[in-house]
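What follows is each chain in one-letter form.
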Amino acid sequence: MGTVIDAATKDNDGSALASKKVTIIFVLGGPGSGKGTQCANIVQHYGYTHLSAGDLLRAERDSGSENGTMIDNMIAEGKIVPSEVTIKLLERAILETDNDKFLIDGFPRNEENRAAFESVTGIEPEFVLFFDCSEEEMTRRLLSRNQGRTDDNIETIKKRFKVYMESSLPVIEYYNSKGKVRRIDATKPVEEVFDAVKACFAPSGGTGVKDRKFGSLVAAIFGFITRKRIGRFSVDIVDDCQVLLCQRQKLMILL
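What this report covers is the structure whose coordinates are included nearby. Only a predicted model underlies this, so the values are computations on that prediction, with no experimental measurement involved. (Residues numbered from 1 in each chain as written. Predicted model: local features only at pLDDT ≥ 70, side-chain atom pairs only at ≥ 80, totals over all residues. Heavy atoms only, no water.)

1. Quick word on the overall build of the protein
Point 1. Counting its regular elements, the protein contains ten helices and seven strands.
Point 2. Out of the 255 residues belonging to the protein, those deemed buried represent 50%. (Helix = DSSP H or I, 4+ residues; strand = E, 2+ residues; numbered from the N terminus. Buried < 20%, exposed > 50% of the residue type's maximum accessible area, 1.4 Å probe, protein only.)

2. Thoughts on helix H5 (residues 111-121)
Point 1. Looking only at H5, the buried set comprises Asn-113, Arg-114, Ala-116, Phe-117, Glu-118 and Thr-121.
Point 2. On its buried face, H5 is in contact with strand E1 (23-29), helix H4 (83-95), strand E3 (101-105) and helix H7 (154-177).
Point 3. N-capping of H5 is provided by Asn-110, with a side-chain oxygen placed 3.3 Å from the backbone N of Glu-112.
Point 4. Gly-122 lies just past H5 and shows a positive phi near 70 degrees. (Contact = heavy atoms within 4.5 Å. Polar contact = N/O pair within 3.5 Å; in protein donor to acceptor, adjacent residues only side chain to side chain.)

3. Comments concerning the environment of Ala-196
Point 1. When you line up the elements, Ala-196 lands in helix H8 (residues 190-200).
Point 2. With ten residues separating them in the primary sequence, Ala-196 and Ala-186 have C-alpha atoms 9.5 Å apart.

4. Observations regarding the sheet that holds E1
Point 1. The sheet built from five strands is open, its strands ordered E2-E3-E1-E4-E5 with parallel pairing. Taken across any chain shown, the strands that pair with only one partner, and hence form the sheet edges, are strand E2 (49-52) and strand E5 (181-185). Here the average twist between neighbouring strands, direction ignored, is 20 degrees.
Point 2. The sheet contact formed by E1 and strand E4 (residues 127-132) spans five bridges and is parallel. Paired with Gly-29 across the strands is Phe-131, a residue of E4.
Point 3. Its contacts with the sheet put helix H1 (residues 35-46) on E1, E2, E3 and E4, and the angle it makes with E3 is roughly 175 degrees.
Point 4. Contacting E1, E4 and E5, H7 runs over the sheet at an angle of about 135 degrees to E1. (Pairing = 2+ DSSP bridges. Axes fitted to C-alpha atoms, helices over the stretch in contact; angles between N-to-C directions.)

5. Side note on the nonpolar core
Point 1. Ile-24, Phe-26, Ile-94, Ile-104, Phe-107, Phe-117 and Ile-172 are the most contacted members of the largest nonpolar core, which has 25 residues in total.
Point 2. A total of five residues in this core trace back to one element, the largest contributor, which is H7.
Point 3. Membership of the second largest hydrophobic core comes to 22 residues, among which are Cys-39, Phe-127, Ile-184 and Cys-200. (Core = buried A, V, L, I, M, F, W, Y, C linked by side-chain atoms within 4.5 Å.)

6. What to know about the pairing of E5
Point 1. Burial analysis of E5 places four of its five residues in the buried class, which makes it a mostly covered element.
Point 2. Where E4 and E5 come together, five bridges link them in parallel fashion. Residue pairing for E5: Leu-129 is matched across the bridge by Arg-182.

7. Some thoughts on the side chain of Ser-167
Point 1. By the element assignment, Ser-167 lies in helix H7.
Point 2. Other than its neighbours up to four places away in sequence, Ser-167 contacts Ile-80, Arg-109, Asn-110 and Glu-111.

8. Observations concerning the packing of aromatic side chains
Point 1. The tally for this structure, following the rule as stated, stands at eight aromatic pairs.
Point 2. For the ring pair Phe-127 and Phe-201, a centre distance of 5.5 Å and an interplane angle of 70 degrees mean the geometry is edge-to-face. With Phe-127 in strand E4 and Phe-201 in the loop between H8 and helix H9 (209-222), this pair connects stretches of sequence that are 74 residues apart. Neither Phe-127 nor Phe-201 differs from the other in exposure class; each is buried.
Point 3. Taken together, Phe-26, Phe-107, Phe-117, Tyr-174 and Tyr-175 form an aromatic cluster joined through their ring pairs.
Point 4. A cation sits over an aromatic face here: Arg-114 above Tyr-174, 3.6 Å from the ring centre. (Phe/Tyr/Trp six-rings, centres within 6.5 Å; stacked < 30°, edge-to-face > 60°. Lys NZ or Arg CZ within 6 Å of the ring centre and 35° of its normal.)

9. Some thoughts on the pattern of salt bridges
Point 1. Within this structure, the stated rule accounts for eleven salt bridges.
Point 2. Here Arg-61 makes a salt bridge to Asp-62, at a shortest N to O gap of 3.0 Å.
Point 3. Note on Arg-61: relative accessible area 18%, which makes it buried.
Point 4. The partner of Arg-61 in a salt bridge is Asp-72, with the nearest N and O atoms 3.7 Å apart. With a gap of eleven residues between them, Arg-61 in helix H2 (residues 53-62) and Asp-72 in helix H3 (residues 68-76) connect regions that are remote in the sequence. (Salt bridge = Lys/Arg side-chain N within 4 Å of Asp/Glu carboxyl O.)

Interpretation in functional terms is not warranted from these geometric data alone.
Right, dumping it as structure tokens:
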């Protein structure tokens, strides 16, 4: 299904993934946008393995490893852990799993993460699920979930939002320029959000050239294009999942 790069054909300086073909989907969105909930649904319905970069880092922090203190300090400050640390944890988790389909949740966090991952592993994502949610709604969810996480307090939440705004949007912009972003309106109820997610995993998944051409036409006619402006960046994002829902409902357009 879509783009899988054989890491064995890449000059990636001996990546641990060089002998394994994998399909990767990056799952991006602000803290509290519902990525974890929707990843659990995708795992149940489509057989992917869910790897949360944040969970892997917290587990490493709690393991007492030499990187634990550094990870702990950076999480408390809402900062981004060095790429080599996170990539090593992701590689290890992928190799320890028999599956070959992975959702990587919360990574890449910035352009340096993205470039390092592709350079080290020789793998590009099949597509990127972008859960778009307002800061107000994400704050409400984070403060109400009460999971006992040390980074679910208002001061750290504000720091995490700032890092997300400044660092993650360029990643979304980059993949959007390659036609890989699938935007999901994450402000809706969980069931409606998953309906949009399922459209992205449909057999006609919108990743082929013909689908993209048709999708662009539908998007232009029906307005499924969102102009996102965060900070100094301004990005046009086609709402592919709304387009695909129209396709699934057998919307007819006569040219």
